[in-house]
Amino acid sequence: MFKPKEFRYCETDPAAPVRDSSYASKELPKAALLVFPLLLLMPLLRAQSPDLPPGPALAKVRTACLECHDASIIVQQRLNKAAWTKEVDKMIKWGALVEAVDRDSFIDYLSTNFPPDKSPEEMPRTASMKRR
Amino acid sequence: MISRRDFLKRVSGAVATAGAIPPLLTWATDDSSPQIPGEEGMIVRSARFLDLETPQEFLTSWITPVPHFFVRNHMHEPSTLDPRSWRLTIGGEVEKPLTLNLADLAKLEKHTVTNTLECAGNGRAFQQPHVPGIQWQKGAVGTARFSGPRLRDLLQRAGVKPTGKHVMFHGLDEVPGKVPPFIRSIPIEKATDSDTLIATHMNDLPLSKHHGFPARSLVPGWIGAASCKWLSEIKVLDKEFDGNFMKPGYRFPNQAGKPGDPVNPDETHVITALSVKSVIATPADGSTLRSRSIRIDGVAWAGEADIARVEISTDSGASWKPAQLGREQSKYAWRLWTFAWKAPKAGDYTLMARATDSLGRTQPETAVWNPSGYLYNAIDQVKIHVQA
């Protein structure tokens, strides 16, 4: 199964363990013990973990794009087909592994799902220690 | 002129008076928010690479606390940073190439500059038509006290040859795939300015990892991209560096064209100093205010120039009145401003802020469109609804 690694994040101290700062709560294991609270959390967790929408190119887009960056960089763009074409070609030049035969399906997928007239993406916020 | 204490009181009062605390603030306290050590309540534009935006309502303090200071990364942050083994090399067009460690830097005379650092792409999200890139809104900007030795003292020790015209910075960020490394250069005149630093401290503490520990260049008044984090190499060049992040990256059209039209790369120039700009911190766009007594607060900056005035319109730009500037000021640093207003009646209003600087530059109604959305500085506006 594909394991998203887009929110892996390294601590300042290289000796410290790599913290998975995924948008899932650090309290989640506790919450998972109780089914009901978990169900309540589900919509929130989904809202905080930008995932890519379904489509024929999804699996290949995930593999090629999320190797270097997370999905949030993709989902916040609002571009027409010409602009997406430029972006895809730039990323191929910069090392994204996209088979020539898949290029057009990448452009179609991205321009269909992230067009100029779509409303802006709501991005999550980091925890606010002081306000707890 | 109001005192700092009064100003702050008014600023904090403004939020309460306006009743305009955005609902996201409550949401941010939720335990399910992403945890990034050292970062508080920041908008996550990207987690990998890490790009964090300061929420507009935090833009009300003259010095931005480090946990609220925006983070911009093009690449992965260095996976290891060991202050003991860290070295800075100075080479290229110099008489005596140098290799320095952190203790060597600490022995040099320390200088402090209070600088407003803004990402060139701040406000990109407002460009029409949309342009690709991190969709920053108002908060890829912050002000901090940066301290460290002057770059010119290091260059003097190395002895710049007469052929040395530009100074290149290279950091330890890790480049994925075939992405070109983030290398840029600045002209020798700016590099030897007495305020250009190799900063080791930010707000009197050692730089945090996200802000370039253990040392970064700090090119005051210029776009953030001029200041290189995790600095490891300084190279004096006989000409401007010509890598990706100098061309086609970080360039601005010589003449404004029609929005959306292609820009000829030969008719562009490298972006250096910041434009004149102000943003409204509170009230928030789309907020409903319960009182007709409203304080409008924000910040204004102008790169290497000073802010001369900030004007506010509460009638969609039909008339303008001066805002009161905060007392704290320093070359390269933004000014806080505040404006007390009584809405004549309940209803919908468009509030606007417009800054003018010491060079006579005033924010335009429409920013110059460019394909990467750099230097967005259109007059800021928020729409509010007054209930009472």
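Residues numbered from 1 in each chain as written. Chains lettered and ligands numbered in written order. Predicted model: local features only at pLDDT ≥ 70, side-chain atom pairs only at ≥ 80, totals over all residues. Heavy atoms only, no water.

**Topic: the nonpolar core**
Residues and elements named next belong to chain B. Counting 26 residues, the largest nonpolar core has Leu105, Leu154, Leu155, Val167, Phe169, Ile198 and Ile234 as its most contacted members. For this core, the secondary structure elements donating two or more residues are strand 3 (88-92), strand 4 (98-100), helix 4 (151-158), strand 7 (166-171), helix 5 (188-191) and strand 13 (231-237). The element contributing the most residues to this core is helix 4, with 4 residues. In contact with Ile198, other than residues within four places in its own chain, are Leu88, Leu105, Ser147, Gly148, Pro149, Leu151, Leu154, Ala215, Arg216, Ser217, Leu231 and Ile234. (Core = buried A, V, L, I, M, F, W, Y, C linked by side-chain atoms within 4.5 Å. Buried < 20%, exposed > 50% of the residue type's maximum accessible area, 1.4 Å probe, protein only. Helix = DSSP H or I, 4+ residues; strand = E, 2+ residues; numbered from the N terminus. Contact = heavy atoms within 4.5 Å.)

**So, the confidence of the model for chain B**
All names here are of chain B. On average, residues of chain B score 93 in pLDDT, and 92% of them reach the 70 mark or higher. This stretch, residues 1-29, has a pLDDT under 50; its non-local contacts, to residues over four places away or in other chains, come to 58 contacts. Predicted complex metrics record ipTM = 0.88 and pTM = 0.85. (pLDDT = per-residue confidence, 0-100.)

**So, the side chain of Thr54 of chain B**
Topologically, Thr54 of chain B is positioned in the loop between strand 2 (50-53) and strand 3. Setting aside residues up to four positions removed in sequence, Thr54 of chain B forms contacts with Met42, Leu59, His68, Phe69, Phe70, Gly139 and Val141 of chain B.

**Here's the deal with the sheet that holds strand 17 (residues 288-289) of chain B**
Strand pairs in the sheet, formed through backbone hydrogen bonds, run parallel or antiparallel to each other. Residue and element names in this part refer to chain B. Pairing is mixed in the open sheet, where 5 strands are placed in the order 17-24-23-19-20. Pairing within the sheet leaves two strands with one partner each, and these edge strands are strand 17 and strand 20 (321-322). Of the pairings in the sheet, the one linking strand 19 (residues 307-313) to strand 20 comprises 2 bridges and is antiparallel in character. In the strand pairing of strand 20, Glu311 is matched with Pro322. (Pairing = 2+ DSSP bridges.)

**Things to note about the packing of helix 5 (residues 81-93) of chain A against helix 6 (residues 103-113) of chain A**
Residues and elements named next belong to chain A. Closest axis-to-axis distance for the helix 5/helix 6 pair is 9 Å, and the angle between their directions is 130 degrees. With respect to their mutual orientation, helix 5 and helix 6 come out oblique. Crossing of helix 5 against helix 6: the hand is right-handed. When helix 5 is examined against helix 6, the residues Lys81, Trp84, Thr85, Val88, Asp89 and Ile92 are found in contact with a partner set consisting of Arg103, Phe106, Ile107, Asp108, Leu110 and Ser111. Residues that form the contact of helix 5 with helix 6 fall into these classes: 6 nonpolar, 2 polar and 4 charged. (Axes fitted to C-alpha atoms, helices over the stretch in contact; angles between N-to-C directions. Parallel < 35°, antiparallel > 145°, perpendicular 65-115°, else oblique. Left-handed = near helix turned anticlockwise from the far one by under 90°. Nonpolar A, V, L, I, M, F, W, Y, C, P; charged D, E, K, R; others polar.)

**Some details on the pairing of strand 24 (residues 380-386) of chain B**
Residues and elements named next belong to chain B. Every second residue of strand 24 is oriented toward a common face, the buried set being Asp380, Val382, Ile384 and Val386 and the non-buried set Gln381, Lys383 and His385. Where strand 17 meets strand 24, 2 bridges bridge the pair, whose relative direction is parallel. In the strand pairing of strand 24, Thr288 is matched with His385. Sheet topology places strand 23 (residues 347-357) next to strand 24; 7 bridges connect them, and they run antiparallel. Paired with Gly347 across the bridge in strand 24 is Val386.

**A few points about empty space enclosed by the protein**
Residues and elements named next belong to chain B. Within the structure shown, the criterion is met by 2 cavities of 30 Å³ or more. Approximately 290 Å³ is the volume found for the largest cavity. Arg72, Arg216, Gly224, Ser227 and Lys229 are, among the 22 residues lining the largest cavity, the residues nearest its centre. Here the lining of the largest cavity is composed, by residue class, of 12 nonpolar, 6 polar and 4 charged. When its volume is computed, the second largest cavity comes out at roughly 40 Å³. Lining the second largest cavity are Glu118, Ser275, Val276, Lys277, Trp301, Leu375, Tyr376 and Asn377. Residues of the lining of the second largest cavity, tallied by class, amount to 4 nonpolar, 2 polar and 2 charged. (1 Å grid on protein atoms, 1.4 Å probe; cavity = no way out; pocket = protein on both sides within 12 Å on 5 of 7 lines; lining within 4 Å. Points joined across faces, edges and corners; volume = space filled by probe spheres on them.)

**With respect to helix 6 of chain A**
Residues of helix 6 of chain A that are buried: Phe106, Ile107, Tyr109, Leu110, Ser111 and Asn113 of chain A. Residues of helix 6 of chain A that are buried make contact with helix 3 (58-65), helix 4 (72-75) and helix 5 of chain A.

**Section: the packing of aromatic side chains**
All names here are of chain B. If you walk through the whole model with that rule in mind, you get 10 aromatic pairs over all chains. Ring geometry for Trp301 against Trp334: centres 6.0 Å apart, planes inclined by 55 degrees, an arrangement best described as tilted. Pair noted here: Trp301 is in strand 18 (residues 293-301) and Trp334 is in the loop between strand 21 (324-325) and strand 22 (335-342), with a separation of 33 residues, a long-range link. Since its relative accessible area comes to 1%, Trp301 is described here as buried. Pairwise contacts between aromatic rings join Phe69, Phe70, Trp136 and Phe146 into one cluster. When the ring centre of Trp320 is taken as reference, the NZ or CZ atom of Arg354 above it lies at 4.1 Å. (Phe/Tyr/Trp six-rings, centres within 6.5 Å; stacked < 30°, edge-to-face > 60°. Lys NZ or Arg CZ within 6 Å of the ring centre and 35° of its normal.)

**Describing the environment of Met75 of chain B**
All names here are of chain B. Along the chain, the position of Met75 falls in the loop between strand 2 and strand 3. Classification of Met75 as buried rests on a relative accessible area of 1%. A sequence separation of 99 residues divides Met75 from Glu174, and the C-alpha atoms of the two residues are 5.9 Å apart. Setting aside residues up to four positions removed in sequence, Met75 forms contacts with Phe49, Asp173, Glu174, Val175, Pro176, Val179, Pro180, Pro181, Phe182 and Phe245.

**Regarding the state of the cysteines**
What the rule picks out here adds up to 0 disulfides over all chains. In this model Cys228 of chain B remains outside any disulfide bridge; the closest cysteine sulfur is found in Cys119 of chain B, 14 Å from its own. (Disulfide = S-S within 2.5 Å.)

**Concerning the confidence of the model for chain A**
The predicted model of chain A averages 73 in pLDDT, with 60% of residues at 70 or higher. Within the model, pLDDT remains below 50 along residues 1-49 of chain A, and this stretch shows 75 contacts once partners closer than five positions in the same chain are excluded.

**Observations regarding the sheet that holds strand 10 (residues 201-202) of chain B**
Residue and element names in this part refer to chain B. The antiparallel open sheet is built from 4 strands, whose spatial order is 5-6-10-11. Bordering the open sheet on either side are strand 5 (110-118) and strand 11 (205-206), each of which pairs with just one other strand. Sheet topology note: the strand 6 (residues 141-149)/strand 10 ladder contains 2 bridges and is antiparallel. From the neighbouring strand, Ser147 faces strand 10, where its bridge partner is His201.

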